[in-house]
Amino acid sequence: MTNPSSGTDGEKTGWAVEISALNKWYGDFHVLRDINLTVARGERIVICGPSGGGKSTMLRCINRLEDWQRGRVVVDGKDLTDDPKQILAVRRDVGMVFQQFNLFPHLTVLENCTLAPIWVRHMPKKDAEELAMRFLRRVRIPEQAQKYPVRLSGGQQQRVAIARALCMSPNIMLFDEPTSALDPEMVKEVLDTMVELAGDGITMLVVTHEMGFARQVADRIIFMAEGQIVEINEPKAFFEHPQHERTRLFLQQILH
Amino acid sequence: MVAADRIYLREAPAKLLPAPVASTGVVGWVRANLFSSPGNIALTIICAALIVWIVPPLLRFFFFDAVWSGADREACLPSAQNPEPGACWAFIRAWSSYFTYGFYPLGERWRVDLFFFLLAFGIAWLAWLGAPRRDIGAIYFFIVLPILSYVLLSGVPIIGLPDVPTSLWGGILVTIVVATVGIVASLPLGILLALGRRSEMPAVRLFSVTFIEFVRGVPLITVLFMASVMLPLFVPDRLAPDKLVRALIGVALFASAYMAEVVRGGLLSIPRGQYEAAQALALPYWRMMALVILPQALRVTLPNIVNTFIGLFKDTTLVFIVGIFDFLRTIEAARGDPHWATPITSVTGYAFAAVFYFVCCYGMSRYSRNVEARLARAHRR
């Protein structure tokens, strides 16, 4: 990976995400220990590791769904402080896809997608609908636009969730175990959508156990355990020559 | 293979028999629903006996033996043709305008009628889910209508509507005004209090919790007494708001505390993921609440909200305690009229009140069932 123009002053740098000395506790439990990570624009990062290792927590710090006690997170040059305006500014440009989809059940698929463009981006309804249809076509479910989410399969719901996030034209997409809640036969359709998305050059951070996806798409793979980043490497090196015993163990378990 | 070799048992398909009588139609339904087990048989018999025991006398009282017209008490006293007279509807008819308007001046009663019409129009606009431009309907109902109602009912002498002091208001007019103000004010206030109770700001949370728990811990009568008796002790007479206004404020605050708890129940039922998804889309707090959380929360609590409305509607009768002539109080007053003093006058008056409250509350209940069914269908489209 090549480093773009360096600089850590928090102003427009080349980095999409800069996390420095991030520490977080749940009560006595130290979930994140001294996380340092920089992600370049357009980079595709896969984060894996045993559950309870802090992967999701770290991801959720990037759009401040989680608070932290120490450290600093800068997204797209914007320093994430307690300032609500700053938090909203970051969230406007960071899309997120959840394990449980979290579609809004009282709105149709189309309304799910147009909600934020209309109310956050102040887009006219007609434009927002056109935009939403464009992304729904991209995830290949335009025909479901008028349905309510409960009528869709898990895979379809997750693709709607991806389309919904994309409608805000984010610079960065966060995926929090997007295929973990899916029936096995639906995993592929969601992964295919994500692979396509990766081809577009959008910055992606993906927490997942889908190692095939990691191998195919990731620029770097991060292995996290016990709240620490144990290892960061390019996919080939990561799978073939894991540096740490903990990583080797994990890979053995997950790859049989 | 020759066809003649085959042996047929039957040359034509058998005729279709009708389904056994015992399992279809009326007989089948009765068997399945009324006499399916010994316990069920016993219940059926008991219920039938209750119906036979209660319904005919009621029908006799309300309709067959009822006195429909007459000039005074003579009509409702036992006579040769009607030895056991039923409801004295003649009394209700004679007093009906008092029951509706109280002492509202005769010449100005068109204003009350117009108010009733405007209110009915607003309710219909909002309640009919398929109505055009319900957003304008909401503005009309929550902003235009209150101003218009105040102007109409209380009067603005400059535009030719003489003042009518609220001490002259009474009857259904007062009941409707108190109930409507209570209902219309309690929902938004209740939502604010419910959100306040879950707020991250300690001061807001403390205020909401204190208010809700205090009001819920006190009977409505106490709230009304405090509003009408204690307030004047602190505020000079000239500045003290009108008696009816004070009661209205008391009722609205009381109802909003209950509404807050109902709404809170709904908020608790919304999964965290919904908040997170809305936050991740950069929706600010109030947008998130208005567009994502509250629509879902209010939907699940709709039965409870309507339940609270119904309770509130009936609670409005308590305002008589602070000397306001609501509907029930006008009946109380009228039944003492010597012109109509008969053994059944009071019973008739209360029966009339019961019918009125029942019709209003049952209407609300039916409407909410309707909306629930409709929302459930919409979700499964």
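Since the model is a prediction, treat every value here as computed from it, not as a measurement.

J.: So what exactly am I meant to see when it comes to the sheet that holds strand β5 (residues 78-79) of chain A here?
T.: Adjacent strands of a sheet form backbone hydrogen bonds with each other and so pair up, either parallel or antiparallel. Residues and elements named next belong to chain A. The four strands are arranged β2-β1-β4-β5 in an open sheet whose pairing can be described as antiparallel. In the strand order of this sheet, the two ends are held by β2 (29-40) and β5, each with one partner. Sheet topology note: the strand β4 (residues 70-75)/β5 ladder contains two bridges and is antiparallel. Within the sheet, the bridge partner assigned to valine 75 lies in β5 and is lysine 78.

J.: Looking at this structure, I do not really get the nonpolar core. What am I missing?
T.: Considering soluble globular proteins, one finds that nonpolar side chains tend to be buried as a cluster. In terms of nonpolar packing, the biggest core is built from 135 residues, with Ile19(A), Ile47(A), Leu205(A), Trp169(B) and Leu267(B) touching the most fellow members. Once residues within four sequence positions are removed from consideration, Trp169(B) is found in contact with Tyr101(B), Tyr104(B), Leu153(B), Ser154(B), Val164(B), Val174(B), Val177(B), Leu244(B) and Phe325(B).

J.: Honestly, helix α7 (residues 202-216) of chain B in this entry has me stumped. Any pointers?
T.: It helps to recall that an α-helix has 3.6 residues per turn; residues three or four apart then point in one direction. Residues and elements named next belong to chain B. The first and last C-alpha atoms of α7 sit 21 Å apart over 15 residues, in line with the 21 Å expected at 1.5 Å per residue. All buried positions along α7 are accounted for by Ser208, Phe211, Ile212 and Val215. Buried residues of α7 fall within an arc of 95 degrees about the axis and therefore sit on the same side. What points out from α7, more than 90 degrees from its buried face, is the exposed set Pro202, Ala203, Leu206 and Phe214. On its buried side, α7 packs onto α6 (171-197) and α9 (243-268).

J.: I'm lost on the pairing of strand β6 (residues 94-97) of chain A in this one. Help?
T.: The side chains of a regular strand alternate, first on one face of the sheet and then on the other. Residues and elements named next belong to chain A. Neither face of β6 is open: one carries Val94 and Met96, the other Gly95 and Val97, and all of them are buried. One ladder, built from four bridges, connects β6 with strand β7 (residues 172-176); its direction is parallel. Bridge pairing links valine 97 to phenylalanine 175 in β7.

J.: Sorry, what's going on with the environment of Val218(B) here?
T.: Residues and elements named next belong to chain B. Turning to its location among the elements, valine 218 is positioned in the loop between α7 and α8 (220-234). Along the sequence, valine 218 and phenylalanine 254 sit 36 residues apart, while their C-alpha atoms lie 9.0 Å from each other. Contact partners of valine 218, with chain neighbours within four places excluded, come to Val223 and Phe254.

J.: Is there a simple way to explain the interface of chain A and chain B in this structure?
T.: Size of an interface, as often reported, equals the accessible area lost when the parts are brought together. Taken together, the contact pairs 25 residues of chain A with 22 residues of chain B. Between chain A and chain B, roughly 2,100 Å² of surface is buried when both sides are summed, and carbon and sulfur atoms account for 64% of that area. Inspection of the region where chain A meets chain B yields one salt bridge. Salt-bridge contacts for Arg60(A) lead to Glu276(B); the nearest nitrogen and oxygen are separated by 2.6 Å. On the surface where chain A and chain B come into contact, there are six residue pairs in polar contact (both at pLDDT 80 or more). Contributing elements (two or more residues each) for the side of chain A that touches chain B: α2 (84-92), β6 and α3 (109-119) of chain A. Looking at the side of chain A that touches chain B residue by residue, the class counts come to 15 nonpolar, four polar and six charged.

J.: Could you clarify how one ought to interpret the confidence of the model for chain A in this entry?
T.: Regions with low pLDDT should not have their predicted coordinates read in detail. Summary statistics for chain A give a mean pLDDT of 91 and a share of 95% for residues scoring 70 or more. For residues 1-11 of chain A, every residue scores under 50 in pLDDT, and the model assigns this stretch 19 contacts once sequence neighbours within four places are set aside.

J.: Would you mind going over the packing of aromatic side chains with me for this structure?
T.: Each aromatic ring pair is described using two quantities: the centre-to-centre distance and the angle formed by the ring planes. Using the criterion set out here, one finds 31 aromatic pairs over all chains in the structure. Both rings, one in Phe62(B) and one in Phe63(B), keep their centres 6.4 Å apart while their planes meet at 45 degrees; by these two values the pair is tilted. With a relative accessible area of 45%, Phe63(B) lands in the partly exposed category. Three or more aromatic residues link up through ring pairs in this structure, and these residues are Phe91(B), Trp95(B), Tyr98(B), Phe99(B), Phe103(B), Phe313(B), Phe325(B), Phe327(B), Trp340(B), Phe352(B), Phe356(B) and Tyr357(B). Above the plane of the ring of Trp68(A) lies Arg64(A), whose end atom (NZ or CZ) is 4.6 Å from the centre. A cation over an aromatic ring shows up here: Arg329(B) above the ring of Phe325(B), its NZ or CZ 5.1 Å from the ring centre.

J.: Can you help me understand the state of the cysteines in this one?
T.: Joining two cysteines, a disulfide is a covalent bond between their sulfur atoms. Considering all chains together, one arrives at one disulfide over all chains under this definition. Between Cys76(B) and Cys88(B) runs a disulfide, and the two sulfur atoms are separated by 1.8 Å. Classification of the bridge connecting Cys76(B) and Cys88(B) rests on its S-S torsion, roughly 70 degrees, and on that basis the disulfide is right-handed. Note that Cys76(B) is positioned in the loop between α2 (38-64) and α3 (89-101) and Cys88(B) in the loop between α2 and α3, a separation of 12 residues in sequence. Judged by relative accessible area, Cys88(B) falls into the buried class, the value being 0%. Looking at the unpaired Cys48(A), the closest cysteine sulfur is the one in Cys61(A), lying at 18 Å. Among the cysteines around Cys360(B), which has no disulfide bond, Cys361(B) carries the closest sulfur, lying 6.5 Å off.

J.: For this particular structure, what's the right way to read helix α6 (residues 184-198) of chain A?
T.: Given a rise of 1.5 Å per residue, 15 residues ought to cover 21 Å, and the 22 Å separating the end C-alpha atoms of α6(A) matches this to within 8%. Close packing links the buried residues of α6(A) with β3 (44-48), α4 (125-138), α5 (154-166), β7, β8 (203-207) and α7 (211-217) of chain A.

J.: What am I meant to see in the sheet that holds β6(A) here?
T.: Residues and elements named next belong to chain A. If you trace the six strands from one edge of the open sheet to the other, you get β6-β7-β8-β3-β9-β10, paired in mixed fashion. Pairing within the sheet leaves two strands with one partner each, and these edge strands are β6 and β10 (228-233). Between one strand axis and the next, the sheet turns by 15 degrees as a mean value, whatever way the strands run. In the sheet, β3 pairs with β8 via four bridges, with the strands oriented parallel. The residue of β8 that forms the bridge with isoleucine 45 is leucine 205. Along the sheet, α5 contacts β6 and β7; its crossing angle with β6, the most-contacted strand, is approximately 170 degrees.

J.: I would appreciate a short explanation of the side chain of Thr166(B) in the present structure.
T.: Residue and element names in this part refer to chain B. Among the structural elements, threonine 166 can be located in the loop between α5 (134-154) and α6. Threonine 166 gets classed as buried once you look at its relative accessible area, which sits at 19%. A distance of 2.6 Å separates the side chain of threonine 166 from the side chain of aspartate 242, its partner in a polar contact. Aside from chain neighbours lying at most four places away, what touches threonine 166 is Asp242 and Leu244.

Calculation rules
- Residues numbered from 1 in each chain as written.
- Chains lettered and ligands numbered in written order.
- Predicted model: local features only at pLDDT ≥ 70, side-chain atom pairs only at ≥ 80, totals over all residues.
- Heavy atoms only, no water.
- Pairing = 2+ DSSP bridges.
- Helix = DSSP H or I, 4+ residues; strand = E, 2+ residues; numbered from the N terminus.
- Core = buried A, V, L, I, M, F, W, Y, C linked by side-chain atoms within 4.5 Å.
- Buried < 20%, exposed > 50% of the residue type's maximum accessible area, 1.4 Å probe, protein only.
- Contact = heavy atoms within 4.5 Å.
- Expected span 1.5 Å × (residues − 1).
- Arc of directions from axis to C-beta.
- Buried area = accessible area lost by both parts, 1.4 Å probe.
- Salt bridge = Lys/Arg side-chain N within 4 Å of Asp/Glu carboxyl O.
- Polar contact = N/O pair within 3.5 Å; in protein donor to acceptor, adjacent residues only side chain to side chain.
- Nonpolar A, V, L, I, M, F, W, Y, C, P; charged D, E, K, R; others polar.
- pLDDT = per-residue confidence, 0-100.
- Phe/Tyr/Trp six-rings, centres within 6.5 Å; stacked < 30°, edge-to-face > 60°.
- Lys NZ or Arg CZ within 6 Å of the ring centre and 35° of its normal.
- Disulfide = S-S within 2.5 Å.
- Axes fitted to C-alpha atoms, helices over the stretch in contact; angles between N-to-C directions.

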